[in-house]
Amino acid sequence: MSRPQTPPLKVAPIDSVTDIRFDEAMEERISKILKNYPNSQAALLPTLWECQKEWSWLSPGIMRAVAERLELSPAFVEGVVTFYTMYQIKPPGKYLFQVCTTLSCQLCGAGTLVEHLKKRLGIDFGQTTSDGLFTLVDVQCLGACGEGPVIQINDDYYGHLTPESLDEILDGLEKEAKA
Ligand code: FES
């Protein structure tokens, strides 16, 4: 698996997403979804996904705006968001590391990678580094078992990782973030 050049996430600060009104562009994106999914419950997942692409996470304000737009109850929307681990309910770092900890990756050394990552970044799963650069989460099979151990960083897959190759990737991302 070749190494992609992963761009940093544009993470909306908390105070910018407390009270959201969708702009024209987002309205257009949601209308397009609703054309494909006439039932608003069915439109919920892709709508949330569009919101997460825009703000990198789903604040309570964004969830409320989605509920209002799709005419669903806020509790229903929150229930869906908190059920799926791919939706972020806290602002992530610029690089979201989703580390596969399922069996195939474990057999290929995921455990060693996890120890290495936690030690180097000084954080545990579910945490973000104090400089706001890296967030670490553990996930189940990413569907790329033949490339194990695998980490998804933002939208890109990185496979066949070792502590050494991971260090190179981290060095590159840190350099990119400071540029
Ligand atoms: S077990 Fe890690 S990608 Fe499938």
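All values derive from a computational prediction rather than experimental measurement. (Residues numbered from 1 in each chain as written. Predicted model: local features only at pLDDT ≥ 70, side-chain atom pairs only at ≥ 80, totals over all residues.)

Trainee: Help me out: how do you make sense of the overall build of the protein chain in this one?
Mentor: Of regular secondary structure, the protein chain possesses seven helices and five strands. Here the C-alpha radius of gyration of the protein chain, 18 Å, is about what a compact globule of 179 residues would show, namely 16 Å. Taking the principal axes of its C-alpha atoms as reference, the protein chain extends roughly 50 × 35 × 25 Å. Buried residues in the protein chain amount to 29% of all 179 residues. Contacts in the protein chain between residues far apart in sequence, at least 24 positions, make up 65% of those at least 6 positions apart. (Helix = DSSP H or I, 4+ residues; strand = E, 2+ residues; numbered from the N terminus. Rg over C-alpha atoms; globule rule 2.2 N^0.38 Å. Buried ≥ 20, exposed ≤ 12 C-beta atoms within 10 Å, placed from the backbone. Contact = placed C-beta atoms within 7 Å.)

Trainee: Just to check I follow, could you spell out helix α3 (residues 60-70) for this structure?
Mentor: Helical periodicity: at 3.6 residues per turn, an α-helix aligns residues three or four positions apart in one direction. Among the residues of α3, I62, M63, A65, V66, R69 and L70 are the ones counted as buried. Looking straight down α3, one finds that the buried residues subtend no more than 160° of arc, so they occupy a single side. Positioned one or two residues after α3, E71 has a phi angle of 55°, which is positive. (Arc of directions from axis to C-beta.)

Trainee: So what exactly am I meant to see when it comes to the nonpolar core here?
Mentor: Looking at soluble globular proteins, one finds that nonpolar side chains tend to be buried together. One finds L58, I62, V66, F97, V99, A110 and I151 to be the most contacted residues of the largest nonpolar core, which totals 36 residues. Of all the secondary structure elements, the ones that give two or more residues to this core are α2 (40-55), α3, α4 (74-83), β1 (95-100), α6 (110-121) and β3 (134-139). A domain split of this core shows at least three residues from each of domain 1 (14-83) and domain 2 (95-178). Excluding anything up to four places from it in sequence, V99 contacts A110, L113, V114, L117, L136, D138, V139 and I151. (Core = buried A, V, L, I, M, F, W, Y, C linked by C-beta atoms within 7 Å. Domains from an automatic or database assignment.)

Trainee: Got a minute to help me understand the pairing of β1 in this structure?
Mentor: Regular strands place their side chains on alternate faces of the sheet. Counting buried positions along β1 yields six of six residues, so the element is predominantly enclosed. Judged by which residues are buried, β1 turns out to be covered on both faces: Y95, F97 and V99 on one side and L96, Q98 and C100 on the other are all buried. Two strands pair when backbone bridges link them, and β1 and strand β4 (residues 151-153) are joined in this way by three bridges, in the antiparallel orientation. Of the residues in β4, the one forming a bridge with Q98 is Q152. (Pairing = 2+ DSSP bridges.)

Trainee: Would you mind showing me how to read the sheet that holds β3 here?
Mentor: Sheets are built from strands that pair by backbone hydrogen bonding, the pairs being arranged parallel or antiparallel. One open sheet holds the five strands; their spatial order is β2-β3-β1-β4-β5, and the pairing between them is mixed. Looking at the sheet topology across the chains shown, the edges are occupied by β2 (127-128) and β5 (156-158). Summarising the sheet, β4 and β5 pair through three bridges and their orientation is antiparallel. Its bridge partner lying in β5, I151 is registered against Y158.

Trainee: I'm lost on unusual backbone geometry in this one. Help?
Mentor: Across residues other than glycine, the phi torsion is negative in most instances, and most of the peptide bonds are trans. The step from G148 to P149 runs through a cis peptide bond, and the omega angle for that step is -5°. Here P149 lies in the loop between β3 and β4. Not every positive phi belongs to a glycine, and S56 is a case in point at roughly 75°. With respect to the helices and strands, S56 occurs in the loop between α2 and α3. Within the chain, H160 stands out as a residue other than glycine whose phi angle is a positive 50°. One can find H160 in the loop between β5 and α7 (163-178).

None of the figures reported here should be taken as evidence of function without further support.
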